[in-house]
Amino acid sequence: MNNTNTTSEVDVIIGSNIRRIREFSGVSKRGLAKAVGISWSQMKKCEDGARRISAGSLLAVARALNCSIDEFWKGIDAGAATLTLPAQSNDAMMVARNFDRIPSPAQREAISNLIATLAEAGASPGYA
């Protein structure tokens, strides 16, 4: 990542959406800033796109304005998704965390093969 202090077109769009929703909701800039826990001038800079708003503050803004956080992303083209990650169970995450700690490449390969074989057998019809 480059300089996190610089803003981008995305920051301008998000700020504009915050202002649009705030005005539609009839909430003052000062009232929203107070609800979020930032100063009025910081909120003004966020709405103008001159200051990035943190994820935590963006969530606080959504709660204060009683809107979905998705509303702030309107007008931003994220592009086509290239990879959709499936949800992982806690057990799968534990295996992944510990797998690279196994020092032997042969043991890692054997475990990978075992998991693949078990998963394949579990996907077969009639296997319980």
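Preceding this paragraph is the structure being described.
Numbers given to residues run from 1 along each chain, matching the order in which its sequence is written. It should be noted that, the model being predicted, local features are given only for residues of pLDDT at least 70 and side-chain atom pairs only at 80 or more, the latter also being counted only at that level, while totals for whole chains, interfaces and linings use all residues. To get the side-chain values, all heavy atoms of the structure are used, and hydrogens and water are removed first.

1. Describing the packing of helix α1 (residues 9-25) against helix α4 (residues 55-65)
Here is step 1: In contact at an axis separation of 10 Å, α1 and α4 are set at 20 degrees when each is read in the N-to-C sense. Taken together, α1 and α4 sit at an angle that is classed as roughly parallel. Considering the relative orientation of α1 and α4, their crossing is left-handed. The residues of α4 that touch α1, namely those facing I14, I18, I21, R22 and S25, are L58, V61 and L65.
Here is step 2: The residue inventory of the contact of α1 with α4, partitioned by class, reads six nonpolar, one polar and one charged. Axis definition: a line fitted to C-alpha atoms, over the contacting stretch in the case of helices. Angles run 0 to 180 degrees between N-to-C directions. By definition, any uninterrupted DSSP run of H or I lasting at least four residues is a helix, any uninterrupted run of E lasting at least two residues is a strand, and each is numbered from the N terminus. The labels follow the angle: roughly parallel below 35 degrees, roughly antiparallel above 145, roughly perpendicular from 65 to 115, and oblique for the rest. Crossings are sorted by hand: turned counterclockwise from the far helix by less than a right angle, the near helix makes the crossing left-handed, and turned clockwise it makes it right-handed. Between two residues, a contact is recorded if the distance between any of their heavy atoms is within 4.5 Å. When residue character is reported, Ala, Val, Leu, Ile, Met, Phe, Trp, Tyr, Cys and Pro are called nonpolar, Asp, Glu, Lys and Arg charged, and the others, Gly included, polar.

2. What to know about the nonpolar core
Here is step 1: Definition of nonpolar core: a set of buried residues of the types Ala, Val, Leu, Ile, Met, Phe, Trp, Tyr and Cys, connected through side-chain atoms within 4.5 Å. Burial here depends on accessible area, computed with a 1.4 Å probe over protein chains only, as a share of the maximum for the residue type. Under 20% is buried, over 50% is exposed, and the range in between is partly exposed. Grouped together as the largest cluster of nonpolar side chains are 15 residues, with contacts concentrated most on I18, L32, M43, I53, V61 and F72.
Here is step 2: When contributions to this core are tallied by element, the ones reaching two or more residues are α1, α2 (29-36), α3 (40-48) and α4.
Here is step 3: No other element matches α4, which puts four residues into this core.
Here is step 4: If near-sequence neighbours (up to four positions away) are discounted, M43 is found in contact with I18, K29, L32, A33, V36, I38 and V61.

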